[in-house]
Amino acid sequence: LNPASRNLALRPGSVITYQIEAKFFGTGIVNGLAITDPLPANTTYVSGSTTVTASPANPPAVNTSFAGNTVTVDLGTVTVPTTTNVIIQFQATIN
């Protein structure tokens, strides 16, 4: 799906990029942080497409998995304010 090309038609085989943004406020430590997102029906997760970026620094450990039509990103321990913003992107194909 590329808005710049004006090709906005979604059809089988089209690839959709999802983006989740998590913002952390205050100070402290978040242990065992995991973010999950179920995919809609008639879509398939694109294996290996998940990226995670954080500001001002990357999270210490990131594990991603896909099961039961749900993407899970395990961020482990996040220290706030060292990490204040996490952006997760992944792709899915329309069946």
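Parameters and conventions
- Residues numbered from 1 in each chain as written.
- Predicted model: local features only at pLDDT ≥ 70, side-chain atom pairs only at ≥ 80, totals over all residues.
- Heavy atoms only, no water.
- Helix = DSSP H or I, 4+ residues; strand = E, 2+ residues; numbered from the N terminus.
- Buried < 20%, exposed > 50% of the residue type's maximum accessible area, 1.4 Å probe, protein only.
- Contact = heavy atoms within 4.5 Å.
- Areas by Shrake-Rupley, 256 points an atom, 1.4 Å probe, with all protein chains shown as cover.
- Pairing = 2+ DSSP bridges.
- Salt bridge = Lys/Arg side-chain N within 4 Å of Asp/Glu carboxyl O.

A. Region of the structure containing the overall build of the protein. Scanning the protein from N- to C-terminus turns up zero helices and seven strands. Listing every helix and strand of the protein by position from the N terminus yields β-β-β-β-β-β-β. Taken across its 95 residues, the protein has 27% of its residues classed as buried. Sequence separation of 24 or more characterises 77% of the internal contacts of the protein that already satisfy a separation of 6 or more. As displayed, the protein offers around 5700 Å² of accessible surface, 53% of which is attributable to carbon and sulfur atoms.

B. Region of the structure containing the pairing of strand S4 (residues 51-55). Burial along S4 is one-sided: Val52 and Ala54 are buried, and none of Thr51, Thr53 and Ser55, which face the opposite way, are. Note that S4 and strand S7 (residues 85-94) share five bridges and pair antiparallel. Looking at the pairing, Ala54 lines up with Val86 of S7.

C. Structural view of unusual backbone geometry. Backbone geometry at Asn42 places phi at a positive 65 degrees, although glycine is not the residue there. Taking relative accessible area as the criterion, Asn42 reaches 58% and is therefore assigned exposed. Although it is not a glycine, Asn69 adopts a positive phi angle of roughly 65 degrees. Position of Asn69 among the secondary structure elements: in the loop between strand S5 (63-67) and strand S6 (70-80). A relative accessible area of 28% means that Asn69 is categorised as partly exposed.

D. Quick peek at the pairing of S5. Summarising the sheet, S5 and S6 pair through five bridges and their orientation is antiparallel. The residue of S6 that forms the bridge with Ala67 is Thr70. Adjacent in sequence and paired antiparallel, S5 and S6 are bridged by two residues, among which Gly68 carries a positive phi angle near 60 degrees.

E. Here's a closer look at the pattern of salt bridges. As enumerated under the stated definition, the model contains one salt bridge in all. Ionic pairing is found between Lys23 and Glu21, a salt bridge with its closest N-O pair at 3.9 Å. Look at Glu21 and you get partly exposed, because its relative accessible area is 41%.

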